[in-house]
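Report on the structure
Take a look at the letters that make up each chain.
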Amino acid sequence: MPRAHSLARRDDAPAMLVQLTDSHLFGEPDTAMLGVNTDASLRAVLRQIEADGKHPDLLLATGDLSQDGEAAAYRRFADILRASPALDRAQIRCLPGNHDLPAVLRQELPQWSAPVTDVGAWRIVTLDTTVPGSNAGHLPDSQLDMLEAALAEAPDRHTLIAMHHNPMQIDSHWHDSMMIDNPQALFKQLTHWPQARVLLWGHVHHEFDRRRHNLRMLATPSTCFQFSIRDGKHAVDNMAPGYRWIKLYQDGSMATGVRRVQDALWYSALAADDAQAA
């Protein structure tokens, strides 16, 4: 399995993790999607992280970094993150989503693509659930084997597993054809590893928090436009973008919350979008 990367920090201090997801940047800068300038909204989320005083040890970007898979989009994503004072001490890890081109992402962001990272008393494992040419997800044997090895190698570490696609229905009244098509294989595997504490994903563009046995299962708003389920249908939501923070404690406990871009920052991002369009 890939060698685990360790972050230098005090082992007894809680680790701060921030999740960004579904930024949907285009090869061309300042492109709008569903009425949102995805560059401006990503910058607004990073300014909110800074305003909240969050300085994460680890930032996880959980897929759909790009909408079109262009190399220029990944380079600009990296430039935007590197320019953020909030990320001055953060290691960054990325994984692909259904709109990404995984090979291009890894080519442009090789230093951010390591699948196993240790921080404090925790192990973070990132999985690739993408299927070429499909919006749906799948966990191939190669990814399940990698996860198994990462868990077996560090039985004393609490583990957070991150991926792009959701492994369960978000709303019982809506049939989700774009989730992972083999979630039971993952859940069956994790029953053998009680140190697996958190399952984290993007893709759904809204907040989700539920428990399944010993697992805390979390999804996070997009850094651009949002979705919701209304009357059993998928719909664009007008809520502001956001991010998730997770504090990981040495004893395996955690605290987490979602923060959305506050009005002043969000309106300034929309104003920048309007000025760009003019």
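Here we summarise the structure given alongside this text. Every value quoted in this text rests on a predicted model; they were computed, and no experiment measured them. (Residues numbered from 1 in each chain as written. Predicted model: local features only at pLDDT ≥ 70, side-chain atom pairs only at ≥ 80, totals over all residues. Heavy atoms only, no water.)

1. Re the overall build of the chain
Within the chain, the secondary structure is distributed over six helices and 16 strands. At a minimum sequence separation of 6, the contacts of the chain that also span at least 24 residues come to 70%. (Helix = DSSP H or I, 4+ residues; strand = E, 2+ residues; numbered from the N terminus. Contact = heavy atoms within 4.5 Å.)

2. Thoughts on unusual backbone geometry
Generally, phi is negative for residues other than glycine and the peptide bonds are trans, each holding for most cases. At Asp 22, a position not held by glycine, the phi torsion is positive, near 55 degrees. Looking at the secondary structure, you find Asp 22 in the loop between strand E2 (15-20) and strand E3 (32-33). Its relative accessible area of 1% is what places Asp 22 among the buried residues. For His 24, which is not glycine, the phi torsion reads 55 degrees and is therefore positive. As for its placement among the helices and strands, His 24 is situated in the loop between E2 and E3. On the basis of relative accessible area, His 24 is assigned to the buried category, the value being 2%. (Buried < 20%, exposed > 50% of the residue type's maximum accessible area, 1.4 Å probe, protein only.)

3. A closer look at the packing of aromatic side chains
Summed over the entire model, instances satisfying the criterion amount to one aromatic pair. Ring geometry for Trp 201 against Phe 208: centres 5.7 Å apart, planes inclined by 40 degrees, an arrangement best described as tilted. Here Trp 201 matches Phe 208 in class, with each residue buried. We note Lys 54 situated over the ring of Trp 245; from NZ or CZ to the ring centre the distance is 5.2 Å. Lying over the aromatic face of Phe 187, Arg 212 brings its terminal NZ or CZ to 3.9 Å of the ring centre. (Phe/Tyr/Trp six-rings, centres within 6.5 Å; stacked < 30°, edge-to-face > 60°. Lys NZ or Arg CZ within 6 Å of the ring centre and 35° of its normal.)

4. Points about the nonpolar core
In this structure, Leu 20, Phe 77, Leu 81, Cys 94 and Leu 109 are the most contacted members of the largest nonpolar core, which totals 29 residues. In this view, Leu 109 contacts Leu 65, Tyr 74, Phe 77, Ala 78 and Cys 94; residues no more than four positions away in its chain are not counted. With 27 residues, the next largest nonpolar core counts Leu 147, Met 163, Leu 186 and Phe 187 among its residues. (Core = buried A, V, L, I, M, F, W, Y, C linked by side-chain atoms within 4.5 Å.)

5. Side note on the pattern of salt bridges
According to the stated counting rule, one finds nine salt bridges in the structure shown. We note a salt bridge from Glu 108 to Arg 75, for which the minimum N-O separation is 3.4 Å. Separated by 33 residues along the polypeptide, Glu 108 in helix H3 (residues 102-108) and Arg 75 in helix H2 (residues 71-82) bring together distant segments of the chain. The class for Arg 75 is partly exposed, based on a relative accessible area of 44%. With a shortest N-O distance of 2.8 Å, Arg 123 and Glu 153 are connected by a salt bridge. Separated by 30 residues along the polypeptide, Arg 123 in strand E8 (residues 122-126) and Glu 153 in helix H4 (residues 141-153) bring together distant segments of the chain. Relative accessible area serves as the criterion here: at 48%, Glu 153 is assigned to the partly exposed category. Connected via shared salt-bridge partners are Asp 118, Arg 123, Glu 153 and Arg 157. (Salt bridge = Lys/Arg side-chain N within 4 Å of Asp/Glu carboxyl O.)

6. Points about the packing of helix H1 (residues 38-51) against H2
Where H1 meets H2, the closest approach of the two axes is 10 Å, and the angle between their N-to-C directions is 30 degrees. When the interaxial angle is binned, H1 and H2 end up roughly parallel. Between H1 and H2 lies a crossing whose hand is right-handed. Along the contact surface, H1 presents Asp 39, Leu 42, Arg 43 and Leu 46, while H2 presents Arg 76, Phe 77, Ile 80 and Leu 81. Among the residues forming the contact of H1 with H2, the class breakdown is five nonpolar, no polar and three charged. (Axes fitted to C-alpha atoms, helices over the stretch in contact; angles between N-to-C directions. Parallel < 35°, antiparallel > 145°, perpendicular 65-115°, else oblique. Left-handed = near helix turned anticlockwise from the far one by under 90°. Nonpolar A, V, L, I, M, F, W, Y, C, P; charged D, E, K, R; others polar.)

7. Some words on the sheet that holds E2
Taken together, the five strands give an open sheet; going across it, the order is E6-E5-E2-E15-E16, and neighbouring strands pair in mixed fashion. With partners counted over all chains shown, the strands left at the sheet margins are strand E6 (91-95) and strand E16 (254-260), one partner each. Strand-to-strand twist in this sheet, taken as the mean axis angle between neighbours without regard to direction, amounts to 20 degrees. Lying on the sheet, H1 is in contact with E2, strand E15 (242-248) and E16; it crosses E2 at an angle near 160 degrees. (Pairing = 2+ DSSP bridges.)

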